[in-house]
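Take a look at the letters that make up each chain.
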Amino acid sequence: MSVVACFKVVPDDTSIRVVGGKIDTNVQLKVSTYDKNAIEEAVRVKEKTGWKAIGITVGNTDRKSIRDALSMGLDEVIAVNSGYLDVPATAEAIAEAIKNRSPNLVITAETTTDSSTSALPLYLAQQLGFNAISYVRSISINGNKITAERSVGDVEIVEAPLPVVISVTGEINTPRTPSVKQIMESAKKPVTQVNTSARPLSEIIELTPYSVSRKRIVIEKPMEQAIDQLINYLKGDGVL
């Protein structure tokens, strides 16, 4: 019996800068922020059920980031080596790597901090032939069934037989901060490197930043006069 947590190693989005009209992603790597919620929930399932908690990542297999994931409580990580893969190919690569593990539950984040497509969970469920539940904010597992609360404006409660792929929102939990002991022990946990036959159906030709030119107008007048002048500026720009 096992639960799989999908996570992605991405550039630290807080450090990315636009330089010379190009996006500089040559920054420190990390586990995608929302994927930590998926890892945390997998570890909580492990603690409640005794299942094995397996992590899987596709693409960049940065060892430090993988160790960060392991230190949160995963038992092992499968690292799929690949170049650029689009969403369908990423789902195919994950399915290839975990099918022989026959997981009962696969957990993903609702989105990643780099591509933010939110499409992977459903592609993955289709590849695996599993049921799928999205926008999950809490779960409970009883025997061979899972009950989930979905945050879809209202709160929707659904039930499905295992195996299931779920995508979780940030409100499902607060990811734990590993202790020094857990960080040290993560170096001893197994990391299995595998290749994939998956190939992308599409590719990114060019990536340019969206930029806004600001007028940087400063109005230095008494309040009433400044408001009048601001309104005139906004009317002139067609805002009002």
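Caption draft 1: A look at the overall build of the protein. Scanning the protein for helices and strands turns up six helices and 13 strands. The C-alpha atoms of the protein give 22 Å as radius of gyration, which overshoots the globular expectation for 240 residues (18 Å, by more than 25%). With respect to the principal axes defined by its C-alpha atoms, the protein has extents near 70 × 40 × 40 Å. Per-residue burial for the protein yields a buried fraction of 38% across its 240 residues. At a minimum sequence separation of 6, the contacts of the protein that also span at least 24 residues come to 69%. When the accessible area of the protein is evaluated, it comes to approximately 13,600 Å², of which 50% is carbon and sulfur surface. Here the protein contributes 27 positive and 28 negative side-chain charges, whose respective centroids are spaced 5 Å apart.

Caption draft 2: Up close: helix α3 (residues 87–98). Its 12 residues place the ends of α3 17 Å apart at the C-alpha level, agreeing with the 16 Å of an ideal helix rising 1.5 Å per residue. With respect to burial, α3 is a largely interior element, 10 of its 12 residues being buried. Looking at α3, one finds that the buried residues are Val87, Pro88, Ala89, Thr90, Ala91, Ala93, Ile94, Ala95, Ala97 and Ile98. Where α3 is buried, its residues meet β1 (2–6), β6 (52–59), β7 (76–81), β8 (105–109), α4 (120–128) and β13 (191–194). Taking the backbone nitrogen of alanine 89 as reference, a side-chain oxygen 3.1 Å away marks aspartate 86 as the first, capping residue of α3.

Caption draft 3: Spatial organisation of the pairing of β1. With five of five residues buried, β1 is to be regarded as a mostly interior element. Along β1, one buried face is formed by Ser2, Val4 and Cys6 and the opposite face, lined by Val3 and Ala5, is buried too. The sheet contact formed by β1 and β6 spans five bridges and is parallel. From the neighbouring strand, alanine 5 faces β6, where its bridge partner is glycine 55.

Caption draft 4: Quick peek at the side chain of threonine 112. You can see threonine 112 is positioned in the loop between β8 and α4. When its relative accessible area of 16% is taken as the criterion, threonine 112 is described as buried. Among the polar contacts listed, one links the side chain of threonine 112 to the side chain of aspartate 114, at a separation of 2.8 Å. Discounting residues that sit within four places of it in the chain, threonine 112 has contacts with Lys8, Ser32 and Asp35.

Caption draft 5: Layout of a nonpolar patch on the surface. Together, Met223, Ile227, Ile231, Val239 and Leu240 make up a nonpolar patch on the protein surface, roughly 490 Å² of accessible area in all. Inspection of the secondary structure assignment puts valine 239 in the segment after α6 (223–236).

Caption draft 6: Representation of the nonpolar core within the structure. With 32 residues, the main nonpolar core has Phe7, Ile39, Leu74, Leu105, Ile146 and Ile166 as its most contacted residues. Residue contributions to this core peak at five residues, all from helix α1 (residues 35–49). Residues contacting isoleucine 39, with those up to four places away along its chain left out, are Ala5, Phe7, Val31, Ala69, Met72 and Leu74. Counting residues in hydrophobic clusters, the runner-up holds 24 residues, among them Val4, Val80, Ala125 and Leu128.

Caption draft 7: Seen up close, the environment of proline 190. Among the structural elements, proline 190 can be located in the loop between α5 (180–186) and β13. Assessed through its relative accessible area of 44%, proline 190 is described here as partly exposed. Expressed as a C-alpha distance, the spacing of proline 190 and isoleucine 146, which sit 44 residues apart in the sequence, is 29 Å. When sequence neighbours within four positions are dropped, the list of residues in contact with proline 190 reads Asp75, Glu76 and Val77.

Quick notes on the rules
Residue positions are given per chain, counted from 1 along the sequence in the order it is written. Selection of residues for local features in this predicted model requires a pLDDT of at least 70, selection of side-chain atom pairs for listing and counting requires 80 or more, and totals for whole chains, interfaces and linings are taken over all residues. Only heavy atoms go into the side-chain values, all of them from the structure, while hydrogens and water stay out. Each helix corresponds to a stretch of at least 4 residues labelled H or I by DSSP, and each strand to a stretch of at least 2 residues labelled E; elements are numbered beginning at the N terminus. Radius of gyration means the value over C-alpha atoms here, while the globule rule gives 2.2 Å times the residue count to the 0.38 power. To sort residues, take the accessible area from a 1.4 Å probe on protein chains only and compare it with the maximum for the residue type: under 20% means buried, over 50% means exposed, and anything in between is partly exposed. Contact criterion: two residues are considered in contact whenever any of their non-hydrogen atoms come within 4.5 Å of each other. Per-residue and other accessible areas were derived by the Shrake-Rupley procedure at a 1.4 Å probe size, with only the shown protein chains allowed to occlude residues. For this count, His and the chain ends are skipped, Lys and Arg are scored as positive, and Asp and Glu as negative. Every charge is mapped to an atom, namely NZ of Lys, CZ of Arg, CG of Asp or CD of Glu. Helix span, as expected, comes to 1.5 Å for every residue beyond the first. Pairs of N or O atoms within 3.5 Å make up the polar contacts considered here, provided that, within protein, one atom can donate a hydrogen while the other can accept it, and that residues adjacent in sequence are counted only when both atoms are side-chain atoms. The pairing criterion for strands is at least two bridges between them, as found by DSSP. Think of a patch as exposed residues, more than 30% relative accessible area, with no salt bridge, where like charges cluster within 9 Å and nonpolar side chains (Val, Leu, Ile, Met, Phe, Trp, Tyr) cluster within 5 Å. One side-chain nitrogen of Lys or Arg within 4 Å of one carboxyl oxygen of Asp or Glu is enough to make a salt bridge. The definition of a nonpolar core used throughout is a set of buried Ala, Val, Leu, Ile, Met, Phe, Trp, Tyr and Cys residues joined through side-chain atoms within 4.5 Å.

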